[in-house]
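# Inside the fold
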Amino acid sequence: MRIDAITIFPDYFAPLQLSLLGKAQDGGLLSVNVHDLRGQTSDTHHTVDDAPYGGGAGMVMLADVWGRAIDEVIDDGAILIVLTPAGRRFNQEMAEELSQASHVIFACGRYEGIDDRVRIHYSQPEYQKRNIQVREVSIGDYVLGGGEVAAMVMIEAITRLIPGVLGNPLSLAEESHNEEGYLEYPNFTRPKEWRGLEVPPILLSGNHAAIASWRASQAQERKDTNRN
């Protein structure tokens, strides 16, 4: 998979070179490329935003600068993710879908967002004929300073699903989430007693059927609790 992230703060993405994602890139399973939006500006101040038409607070990111940046990386079959609080909610189902893509581009907006003509332009029939998709995505009902953190959340959730990225592929067999909500049971390891708290005896019983039943009930209880 190829990932391109466009941002005015490239250093935000440095942690993606660490741990399993770093190894996946070294092993050729994944390519992560970070692009500085200011490199597409043409003025001495490297301006990327301006006041909104119609008035209002804040600044809006310039369509022409974003257009040049996206044109440099977009290709047939790419999925352009525009990160915005107004977008569709990101979840495990979407992560699984995007993990099958060959190329994902993250447009990390700031301020009051990106001029909406960018989304409109890349949604036109000429791009649809090239199997290019544009999606507005949000990671939750709150506002961040910019799209960088949201992009990193999505990248980690998506790329861990690529075969070979996780050290133990069995980890994918017991995922924590699906469209229903939180499903993972609580986990324990040594020592058996810590600060007066003991590991649930069932986990020490060796009865795998009973352990599986206990874990299922705990997962259901967690889901019910977190839903309220």
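These numbers come from a predicted model, not from an experiment. (Residues numbered from 1 in each chain as written. Predicted model: local features only at pLDDT ≥ 70, side-chain atom pairs only at ≥ 80, totals over all residues. Heavy atoms only, no water.)

On to the sheet that holds strand β5 (residues 79-89). Taken in spatial order, the 5 strands of this open sheet run β2-β1-β6-β5-β7, and their pairing is parallel. At either margin of the open sheet sits one strand with a lone partner, and together these are β2 (31-36) and β7 (133-138). Sheet twist, expressed as the mean angle between neighbouring strand axes with direction ignored, is 30°. Bridge analysis of strand β1 (residues 2-7) against β2 gives 6 bridges, and the strand direction is parallel. For I3, the partnering residue across the bridge sits in β2 and is V32. (Pairing = 2+ DSSP bridges. Helix = DSSP H or I, 4+ residues; strand = E, 2+ residues; numbered from the N terminus. Axes fitted to C-alpha atoms, helices over the stretch in contact; angles between N-to-C directions.)

All right, on to helix α6 (residues 147-159) then. Taking 1.5 Å of rise per residue, the 13 residues of α6 would be expected to cover 18 Å, and the 18 Å separating its terminal C-alpha atoms lies within 8% of that figure. For α6, the tally of buried residues reaches 10 of 13 residues, placing the bulk of the element in the interior. For α6, the full list of buried residues reads G147, E148, A150, A151, M152, M154, I155, A157, I158 and T159. Taken together, the buried residues of α6 touch β1, α1 (19-26), β5, α3 (92-98), β6 (103-107) and β7. (Expected span 1.5 Å × (residues − 1). Buried < 20%, exposed > 50% of the residue type's maximum accessible area, 1.4 Å probe, protein only. Contact = heavy atoms within 4.5 Å.)

Here the focus is the pattern of salt bridges. One pass over the structure, following the stated rule, counts 8 salt bridges. Taking the shortest distance from any N to any O, the salt bridge between D76 and R130 comes out at 2.6 Å. Taken together, the residues span a long stretch of sequence, with D76 in the loop between α2 (63-73) and β5 and R130 in the loop between α5 (125-128) and β7 at a distance of 54 residues. One salt bridge connects E148 with R110, and the closest N-O pair in it is separated by 2.9 Å. Note that E148 is positioned in helix α6 and R110 in the loop between β6 and α4 (117-122), a separation of 38 residues in sequence. In terms of burial, E148 and R110 fall into one category: buried. Each of R2, D4 and D75 takes part in salt bridges that share partners, so that together they form one network. (Salt bridge = Lys/Arg side-chain N within 4 Å of Asp/Glu carboxyl O.)

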